[in-house]
Amino acid sequence: MSELDELLKSFGEAGGDQSILANTAFAHLAASGHKILSRRAVKGIELDTVESDKGISATVRLLKGTRLLNPVHLCFGVLHRSGIQEINMRVNFEKDSQASFIAHCIFPKAEKVKHIMDAVIHIGENATMRYSEIHYHGIYGGIEVYPKARIIIGKNGRYFTDFLLINGLVGKLMIDYGVEVGENGVAELIARVFGHATDNILIKDKVALNGVNSKGLIKTRVAIENNAQAQVIGVTEGNARGARGHVDCMEIVKDNAIAKAIPLVKVSNSLAKVTHEAAIGSVDKKQLDTLMAHGLAPEEAVDVIVRGILK
Amino acid sequence: MVLLEIKSISYRVKEKEIFSGLSLSVEPGEVHAILGKNGTGKSTLAYLVMGCEGYIPTTGEILFDGKAINHLLLHERAKLGITMAWQEPVRFEGISVREYLTLKNKEIDPSKYLEMAGLYPGLYLNRMMDNTLSGGERKRIELASVVALDPRLVILDEPDSGIDMLSIRDILNVITVFKENGASVILITHREEIAIIADKASEICNGKIICSGAPVKVTQYYKTRKCEVCAGEECTFV
């Protein structure tokens, strides 16, 4: 079986649609370790890649006015028990362009694997990017994931990201996102993670609302159990007139797990406003009582609540 | 045979005695209204019957179908057919109305139950059970969900609160459905127009049932009593 087939097989086993890569209507980039296995561009998108022993460099350019109907699929993974994958991405959404990206990150057998993603993303005037990153981890927990991104959003630009890691053991996760939002720009950062065993989770999101009337939302949903640990740092700065930001963090803790949340808000313009809310603790008792009154056993009720917040 | 029998229960929180020797019985298929001013323990009584954590009578017994349930946990009582619609139903992130109504039984048609509670299914089934719902909408969905459970005993804690006057008929409709299904209802309310549809009513004050009988008689007594916070002196009605 080729490495691509193996990657696709794991992708399929994780619930993904394997036919996507064969569909010519969809742009894609698939890589295992530091090897690019498959790539396709469609009209309006330029995709340049360079592979070396040190990692993969990918430059993505969405041309001015392009509006992709189908999402671009990024399929990354390390299929062996040990290995490293380092990806440097430079993404440029030109003026008036619009597209969705879905990154599937697959590490089914990871016992000693490191995945590093370092992205710089420019969202041009009136451009919109939606980026979803879905991780499929195995049961061994031997993986370290370092997603780092710096995003610059231009006038009227919009950037939405959703990071999802609820399958398998997390291992070590160190998210570090920083966004600068220009005039009338919008940034929405959502992360949903379910930690178990001795998983170690750090989510650090920073949104700087630098443009007039810019808007930002950092929303984090984390559930941890056993001896897992999670720390969520949500930083929002309101630096311009009419800027509006909100930090919303919820962490559900079970067993001996430990959660921390540090919402940090800073306002340097008197006409800006930033709010935050954080809820950490066990499952809400009233929610639990309500579901049990509906006939669910306590463990079923907890499961429904946790699955709900991670959905 | 009595379905629910509360036999002389006392319940104390720290030094405060909430109930002292309260007794109440509910027949199968009976709608029993509970009246009482704020702070008299109506919701506490509901939690004691439902078996919420920390709500165990200090003395006395709660019998369901002739068996003591004092030490059964909430979900164990739910399995016997007891359920409850809270006065302020909680919201849930990431759970749709459809999923909520079919949590226990995936085979049911959730639309039917939403219609019973006065909600158009097409507008609500795919909505989330989160804070995008108004208090009144959430309340109706809770009512629909407890009807869908087909309980033997349902406790409705102020089902009318947060519901507009014109929609009271939807609440009455839901209570009628319970009755038609043979379920017993403990109906906690402040509203006369809701209480009078009950088969029987009781008023709680000072930790006891002070008046019990026909709903018209009990609501009349409730409206005309003089005491605001009873010290047991005015409420000697038997």
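No experiment lies behind these values; they were computed from the predicted model shown.

**Notes on the overall build of chain B**
And step 1. Counting its regular elements, chain B contains 9 helices and 10 strands.
And step 2. Relative to the globule expectation of 18 Å for 238 residues, the C-alpha radius of gyration of chain B, 18 Å, shows essentially globular dimensions.
And step 3. Taken along the three principal axes of its C-alpha coordinates, chain B extends 55 × 40 × 35 Å.
And step 4. Scored against the burial criterion, the 238 residues of chain B give a buried share of 44%.
And step 5. Within chain B, counting contacts between residues at least 6 apart in sequence, those at least 24 apart form 68% of the total.

**A word on the sheet that holds strand β11 (residues 158-167) of chain A**
Residues and elements named next belong to chain A.
And step 1. The strand order across the open sheet formed by 10 strands is β2-β1-β5-β7-β9-β11-β13-β15-β17-β19, and the pairing between neighbours is mixed. Only two strands of the sheet have a single neighbouring strand rather than two, namely β2 (35-40) and β19 (273-281). Averaged over all neighbouring strand pairs, the angle between strand axes comes to 5°, with direction disregarded.
And step 2. Note: strand β7 (residues 98-107) against strand β9 (residues 128-137), 10 bridges, orientation parallel. In the sheet register, Ser-100 faces β9, and the bridge partner there is Arg-130.

**A closer look at helix α6 (residues 135-148) of chain B**
Residue and element names in this part refer to chain B.
And step 1. Spanning 14 residues, α6 covers 20 Å between terminal C-alpha atoms, matching the ideal 20 Å at 1.5 Å per step.
And step 2. For α6, the tally of buried residues reaches 12 of 14 residues, placing the bulk of the element in the interior.
And step 3. Among the residues of α6, those classed as buried are Glu-137, Arg-138, Lys-139, Arg-140, Ile-141, Glu-142, Leu-143, Ala-144, Ser-145, Val-146, Val-147 and Ala-148.
And step 4. Buried residues belonging to α6 abut β6 (82-85), α3 (97-101), α4 (110-116), β7 (153-157) and α7 (168-180).
And step 5. Of the residues one or two after α6, Asp-150 is the one with positive phi, at around 50°.

**Regarding α7 of chain B**
Residues and elements named next belong to chain B.
And step 1. Along its 13 residues, α7 runs 18 Å from first to last C-alpha, staying within 8% of the 18 Å computed at 1.5 Å per residue.
And step 2. Residues of α7 that are buried include every one of Asp-170, Ile-171, Val-174, Ile-175 and Phe-178, and no others. The buried residues of α7 occupy an angular sector of 140° when the element is viewed end-on, so they sit on one face. Opposite the packed face of α7, turned more than 90 degrees from it, sit the exposed residues Arg-169 and Glu-180.
And step 3. Buried residues in α7 make contact with β3 (31-35), α4, α6, β7, β8 (184-188) and α8 (192-195).
And step 4. Two residues or fewer after α7 comes Gly-182, characterised by a positive phi angle close to 85°.

**A short note on the pairing of β7 of chain A**
All names here are of chain A.
And step 1. Burial runs high along β7: 7 of the 10 residues are buried.
And step 2. Looking at chain direction, strand β5 (residues 72-77) and β7 are connected through 6 bridges and run parallel. Its bridge partner lying in β7, His-73 is registered against Ile-102.

**Describing the pairing of strand β3 (residues 45-52) of chain A**
All names here are of chain A.
And step 1. Two elements, β3 and strand β4 (residues 55-62), share 8 bridges in a ladder whose sense is antiparallel. Looking at β4, one finds that Thr-49 is bridged to Ala-58.
And step 2. A loop of 2 residues connects β3 with β4, the two strands running antiparallel in sequence.

**Re the interface of chain A and chain B**
And step 1. Listed as interface residues are 18 residues of chain A and, on the opposing side, 19 residues of chain B.
And step 2. The set of elements that each furnish at least two residues to the side of chain A that touches chain B consists of α2 (285-293) and α3 (298-310) of chain A.
And step 3. Top contributing element to the side of chain A that touches chain B by residue count: α2 of chain A, with 7 residues.

**Concerning the confidence of the model for chain B**
And step 1. Per-residue confidence for chain B averages 91 on the pLDDT scale, and 94% of its residues sit at or above 70.
And step 2. Reported confidences for the modelled complex are a pTM of 0.85 and an ipTM of 0.93.

**Quick look at the environment of Ala-243 of chain A**
Residues and elements named next belong to chain A.
And step 1. By secondary structure assignment, the location of Ala-243 is in the loop between β16 (229-238) and β17 (244-253).
And step 2. Of the residues examined, Ala-243 has 29 C-beta atoms within 10 Å and is grouped as buried.
And step 3. For the pair Ala-243 and Ala-208, spaced 35 residues apart in sequence, the C-alpha separation works out to 9.6 Å.

**Examining the packing of α6 of chain B against α7 of chain B**
Helix-helix packing is characterised by the crossing angle of the two axes and by the distance between the axes.
Residues and elements named next belong to chain B.
And step 1. As a packed pair, α6 and α7 sit with axes 11 Å apart at the nearest point and diverge in direction by 10°. The pairing of α6 with α7 is recorded here as roughly parallel in orientation. Judged by residue contacts, Arg-140, Leu-143 and Val-147 of α6 engage Asp-170, Val-174, Val-177 and Phe-178 from α7.
And step 2. Here the contact of α6 with α7 is composed, by residue class, of 5 nonpolar, no polar and 2 charged.

**Observations regarding the packing of α2 of chain A against α3 of chain A**
Residues and elements named next belong to chain A.
And step 1. As a packed pair, α2 and α3 sit with axes 9 Å apart at the nearest point and diverge in direction by 120°. Judged on the interaxial angle alone, α3 and α2 are oblique. Crossing of α2 against α3: the hand is right-handed. Residue-level inspection shows Gln-287, Leu-288, Leu-291 and Met-292 of α2 in contact with α3, the latter providing Pro-298, Ala-301, Val-302, Val-304 and Ile-305.

**Digging into the environment of Gly-83 of chain A**
All names here are of chain A.
And step 1. Among the structural elements, Gly-83 can be located in strand β6 (residues 82-93).
And step 2. A C-alpha to C-alpha distance of 25 Å links Gly-83 and Asp-17, two positions 66 residues apart in sequence.
And step 3. The residues contacting Gly-83, other than those within four sequence positions of it, are Gly-33, Val-78 and Val-113.

**Focus on the sheet that holds strand β9 (residues 200-205) of chain B**
All names here are of chain B.
And step 1. The 6 strands are arranged β6-β7-β8-β3-β9-β10 in an open sheet whose pairing can be described as mixed. Pairing within the sheet leaves two strands with one partner each, and these edge strands are β6 and β10 (208-213). Pairwise comparison of adjacent strand axes, ignoring direction, gives a mean angle of 20° for this sheet.
And step 2. Across 4 bridges, β6 lies against β7 in parallel orientation. Note that in β7 the partner of Ala-85 across the bridge is Leu-156.

**Overview of unusual backbone geometry**
And step 1. With a phi close to 60°, Asn-226 of chain A is a non-glycine residue in the positive phi region.
And step 2. Looking at where Asn-226 of chain A falls in the secondary structure, it is placed in the loop between β15 (215-224) and β16.
And step 3. The partly exposed category is assigned to Asn-226 of chain A, around which 14 C-beta atoms lie within 10 Å.
And step 4. Even without glycine at this site, Asp-150 of chain B takes up a positive phi of about 50°.
And step 5. Here Asp-150 of chain B falls in the partly exposed class, since 16 other C-beta atoms lie within 10 Å of it.

About the thresholds
- Residues numbered from 1 in each chain as written.
- Chains lettered and ligands numbered in written order.
- Predicted model: local features only at pLDDT ≥ 70, side-chain atom pairs only at ≥ 80, totals over all residues.
- Helix = DSSP H or I, 4+ residues; strand = E, 2+ residues; numbered from the N terminus.
- Rg over C-alpha atoms; globule rule 2.2 N^0.38 Å.
- Buried ≥ 20, exposed ≤ 12 C-beta atoms within 10 Å, placed from the backbone.
- Contact = placed C-beta atoms within 7 Å.
- Pairing = 2+ DSSP bridges.
- Axes fitted to C-alpha atoms, helices over the stretch in contact; angles between N-to-C directions.
- Expected span 1.5 Å × (residues − 1).
- Arc of directions from axis to C-beta.
- pLDDT = per-residue confidence, 0-100.
- Parallel < 35°, antiparallel > 145°, perpendicular 65-115°, else oblique.
- Nonpolar A, V, L, I, M, F, W, Y, C, P; charged D, E, K, R; others polar.
- Left-handed = near helix turned anticlockwise from the far one by under 90°.

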